[in-house]
Amino acid sequence: MVEVFNKLADYFQNVPAVRYAFIVGILIALCASLLGVTLVLKRFSFIGDGLSHVAFGAMAVAAVVGLTDNMLLIMPVTIICAVLLLATGKNSKIKGDASVAMISVGALAIGYLLMNKFPVSGSGNVAGDVCSTLFGSTSILSLTETDVWVTIILSLIVLVLFVLFYNKIFSVTFDEDFARATGTKAGLYNLIIAIIIAVIIVLAMNVVGSLLISALIIFPALSAMRVFKSFRSVTVCAACVSVFCASTGIIISIIDGTPVGSTIVAVDIAVFVVFWIIGLIKGGVKR
Amino acid sequence: MAQLTCDSVTLGYEGKEILTDLSFSVSQGDYLCIVGENGSGKSTLMKTILGLHSPMKGTITTGDGLKPTEIGYLPQQTLVQRDFPASVREIVISGFQGKCGIRPFYSKEEKRQAAENMKKMRIEDLAKRCYRELSGGQQQRVLLARALCATQKMLLLDEPVAGLDPKVTAEMYSLINELHSEGITIIMISHDIEAAMRYATHVLHIGKDVFFGSKESFKRGMFMDGFSFNKKGGERNG
Ligand SMILES: Nc1ncnc2c1ncn2[C@@H]1O[C@H](COP(=O)(O)OP(=O)(O)OP(=O)(O)O)[C@@H](O)[C@H]1O
Ligand SMILES: [Mg+2]
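All values reported here derive from a predicted model rather than from experimental measurement. (Residues numbered from 1 in each chain as written. Chains lettered and ligands numbered in written order. Predicted model: local features only at pLDDT ≥ 70, side-chain atom pairs only at ≥ 80, totals over all residues. Heavy atoms only, no water.)

Novice: Teacher, can you tell me more about the sheet that holds strand 2 (residues 16–26) of chain B here?
Specialist: In a beta sheet, neighbouring strands pair by backbone hydrogen bonds and run either parallel or antiparallel. Residues and elements named next belong to chain B. Spatially, 2-1-4 is the arrangement adopted by the three strands of the open sheet, whose pairing is antiparallel. In this open sheet, the two edge strands, each paired with only one partner strand, are strand 2 and strand 4 (57–62). Adjacent strand axes in the sheet meet at a mean angle of 25°, parallel and antiparallel pairs treated alike. Both strand 1 (residues 4–13) and strand 2 contribute to a ladder of seven bridges, which runs antiparallel. If you follow Leu11 over to strand 2, its bridge partner there is Leu19. (Pairing = 2+ DSSP bridges. Helix = DSSP H or I, 4+ residues; strand = E, 2+ residues; numbered from the N terminus. Axes fitted to C-alpha atoms, helices over the stretch in contact; angles between N-to-C directions.)

In structure tokens:
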């Protein structure tokens, strides 16, 4: 055990990439978990999934076009899609479902097609490229200092927005009709939620890759909901769980050389099972 | 001047009319009971009054110092998801959200009023409890306390006693009656004609036969020929 810690401390002091990975991983996990509660409760979980595929498609396009900074394309495209999907309102629910599926699968297919047709890295290893974009297998240890700063700034913005809009997000999530009828600008807040989610997804792509983002958003919220019963305690617990899982996942992946994204998600699943059992014990036989 | 006026309103969904040419008005201090068969459009009327749904024809206006967003309401079914984690206190205070504008947090005064409204609804002991673990009657009182945070002027209640046992029903009615005697205008949808007769000052019957008028004239009509009113029948006394 001591050896492991020494090894970690050593990495932490001498390898900047490891430091970056920790900072970025923890910040992103924190942001992702905050809106998870809202997404799960509004039955919007699938939108996170759809958006991450859009981000993947945009990334492929950016790479093919030869943009030096991918973010410039990925961010606006994902935000626009998020607004379109989330702001169409709940009345067109069925149509909404179908359009999410359409956009998400479409973006995935086009993205893969482009990556195949115009290989980027010059390594000729298309399968490897695709794999790392989808599962984020290596990119977290190849973060540059700029990446880290961008992540820090954007995460801070997301955190501040979340705290400022916390009460409004609660109202709009709990009972949108009541909020609207009593004068809350539900449309505006849905828009803000959509934009925050898009930003989080683009950020998270660096860590877990686009296929696993939903897991980062949804698992901590689901775990917390097993045990806690008020909106605030669920939100706080989800944030803690998410940070814990992300740091544990990163540590394991550094020591064991496993892919970062899937390791974090595996830890998330394990924690979910633990919380689920705690919930069962606490709540007696309910459900 | 009336607080709420519906002027020849036609309600419907996607071009299909449900209710045509409905006119009535509600004044400060009224207790209006809306009755009618299942599917006659009571909940639709309520959503239209709240501005969640727009009328196909006609206008709904508020007056007498009542702003459209100052109408508190109790939904028919709690659209709230079964597994929503929220404490009673969090839900009650969210009634103030409409008044917050862009202010991010609730003020001390709002917190105090929320506590007072919980006391009024006799749910102060439940403040920390989880909403989804409460009984139906308790949940209704939580939502009523939230509605009270949103307004001190007018409450719309969509079948507030549906699914409650007789004892809890009586408690609910007396709570609503208390609010009415404090000067809050009540509009209540109900299938319980008897209760309507006991508490209401005015009755609106919608469906094939439309009636709007005072409770007394409704009673007279009811005893004379059952439920058959002429289409535009009903005068307004008071
Ligand atoms: N979202 C909707 N889209 C289309 N039609 C609807 C919608 N909601 C309700 N309706 C229809 O409008 C009619 C009136 O519905 P409404 O819910 O207003 O009835 P109600 O009087 O409240 O009935 P109940 O006593 O059962 O609550 C019904 O025929 C219903 O099928
Ligand atoms: Mg109804």
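Having seen the model, we can carry on.
Novice: Would you mind showing me how to read the confidence of the model for chain B here?
Specialist: Residue and element names in this part refer to chain B. Counting all residues, the mean pLDDT for chain B is 85, and 90% of those residues have values of 70 or more. Here residues 228–238 is a poorly scored stretch, pLDDT under 50, and it has 28 contacts once near neighbours within four places are set aside; other chains count. Taken over the whole predicted complex, pTM reads 0.85, whereas the ipTM for its chain interfaces reads 0.85. (pLDDT = per-residue confidence, 0-100. Contact = heavy atoms within 4.5 Å.)

Novice: What is the right way to read helix 2 (residues 16–41) of chain A from this model?
Specialist: Owing to its 3.6 residues per turn, the α-helix brings residues three or four apart onto one side. Residue and element names in this part refer to chain A. Its 26 residues give helix 2 an end-to-end C-alpha distance of 39 Å, which sits within 8% of 38 Å, the value for a rise of 1.5 Å per residue. The sharpest bend along helix 2 comes to roughly 35°, located at Leu35. With 21 of 26 residues buried, helix 2 is to be regarded as a mostly interior element. Two residues or fewer past helix 2, Arg43 is found with a positive phi of approximately 60°. (Expected span 1.5 Å × (residues − 1). Bend = angle between axes of the 7 residues up to and from the residue. Buried < 20%, exposed > 50% of the residue type's maximum accessible area, 1.4 Å probe, protein only.)

Novice: Would you mind showing me how to read the interface of chain A and chain B here?
Specialist: You'll often see interface size given as the accessible area lost when the parts meet. With 30 residues of chain A at the interface, the matching set in chain B holds 36 residues. Carbon and sulfur atoms supply 58% of the area buried between chain A and chain B, which totals about 2900 Å² over both sides. Interface area lost by chain A to chain B is led by Phe174(A), Phe178(A) and Lys229(A), which between them contribute 25%. Counting the contacts that link chain A with chain B gives two salt bridges. Close ionic contact of Asp175(A) with Arg146(B) constitutes a salt bridge, the shortest N to O distance being 3.0 Å. Those elements that place two or more of their residues in the side of chain A that touches chain B are helix 7 (145–174), helix 8 (176–181) and helix 11 (231–256) of chain A. Ranked by the residues each element gives to the side of chain A that touches chain B, the list is headed by helix 7 of chain A, at nine residues. A per-class count over the side of chain A that touches chain B returns 13 nonpolar, seven polar and 10 charged. (Buried area = accessible area lost by both parts, 1.4 Å probe. Salt bridge = Lys/Arg side-chain N within 4 Å of Asp/Glu carboxyl O. Nonpolar A, V, L, I, M, F, W, Y, C, P; charged D, E, K, R; others polar.)

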